[in-house]
Amino acid sequence: MLMKNRVFHLLILLLLQALASTAQKSGEQIFTTTCVACHSIGKGKVVGPDLVNVGERRSQSWLIRFIRSSQA
């Protein structure tokens, strides 16, 4: 019984890790396909501003609102 619990917990942990990895790749893919034409990260201004250290310049809530709707 103890072995089954350990295997179950291991499977849950592996599933959570896979989901987290997928979310990260999705974010990278979104940036690469949507943002990189106008923004860089640490390579200077392209069309839009360089996004290096943007989290130090703006709050997380501001960034989320702006990313969801930059025109709002």
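Rules and cut-offs
- Note that residues are indexed from 1 along each chain, following the sequence as it is written.
- A pLDDT threshold of at least 70 governs which residues receive local features in this predicted model, and a stricter bar of 80 or more applies before side-chain atom pairs are shown or counted, although totals over entire chains, interfaces and linings include all residues.
- Heavy atoms throughout the structure, all of them, feed into the side-chain values; hydrogens and water do not.
- Comment: elements are numbered from the N terminus, with helices defined as DSSP H or I runs of at least four residues and strands as E runs of at least two.
- Throughout, radius of gyration means the C-alpha value; the globule benchmark is 2.2 Å times the number of residues raised to the power 0.38.
- Only protein chains enter the accessibility calculation, which uses a 1.4 Å probe. A residue is then buried if its area is under 20% of the maximum for its type, exposed if over 50%, and partly exposed in between.
- In the analysis that follows, any N or O atom pair within 3.5 Å is treated as a polar contact, provided that within protein one partner can donate a hydrogen and the other can accept it, and provided that, for residues neighboring in sequence, both atoms belong to side chains.
- By definition in these notes, contact holds between two residues if any of their heavy atoms fall within 4.5 Å.
- Here a Phe, Tyr or Trp ring, Trp counted by its six-membered ring, pairs with any other such ring whose centre lies within 6.5 Å, and the pair is stacked when the planes are under 30 degrees apart, edge-to-face when over 60, and tilted otherwise.

### Focus: the overall build of the chain
Move 1: A count of helical and extended segments in the chain gives 3 helices and 0 strands.
Move 2: Helices (α) and strands (β) of the chain occur, in sequence order from the N terminus, as α-α-α.
Move 3: For the chain, the C-alpha radius of gyration of 19 Å lies well beyond 11 Å, the compact-globule estimate for 72 residues.
Move 4: Taking the principal axes of its C-alpha atoms as reference, the chain extends roughly 60 × 20 × 20 Å.
Move 5: Each of the 72 residues in the chain was classed as buried or not, and the buried ones make up 6%.

### Looking at the side chain of Asp50
Move 1: Mapped onto the secondary structure, Asp50 falls in the loop between α1 (2-35) and α2 (54-57).
Move 2: Only 2.7 Å separates the side chain of Asp50 from the backbone nitrogen of Gly42, close enough to count as a polar contact.
Move 3: Apart from the residues within four sequence positions on either side, Asp50 is in contact with Ser40, Ile41, Gly42, Lys43, Gly44, Lys45 and Arg57.

### Some words on the packing of aromatic side chains
The description of an aromatic ring pair rests on the distance of the ring centres and on the angle between the ring planes.
Move 1: In total, this model carries 1 aromatic pair according to the counting rule given.
Move 2: A centroid spacing of 4.9 Å and a plane angle of 10° characterise the contact between Trp62 and Phe66, whose relative ring orientation is stacked. Placement of both Trp62 and Phe66 in helix α3 (residues 60-68) is noted, with a separation of 4 residues, approximately one turn of the helix.
Move 3: Residue classification places Trp62 among the partly exposed positions, given a relative accessible area of 26%.

### Some details on the environment of Leu2
Move 1: Relative to the assigned elements, Leu2 resides in helix α1.
Move 2: The class for Leu2 is exposed, based on a relative accessible area of 55%.
Move 3: It is 46 Å that separates the C-alpha atoms of Leu2 and Leu63, two residues lying 61 residues apart in sequence.

### Focus: the side chain of Ser40
Move 1: On the secondary structure map, Ser40 appears in the loop between α1 and α2.
Move 2: A distance of 3.4 Å separates a polar atom in the side chain of Ser40 from the backbone nitrogen of Lys43.
Move 3: From its side chain, Ser40 meets the backbone oxygen of Gly44 in a polar contact 2.5 Å long.
Move 4: Apart from residues no more than four positions distant in its own chain, Ser40 is found in contact with Val46, Pro49, Asp50, Leu51 and Val52.

These figures come from the coordinates and say nothing about function on their own.
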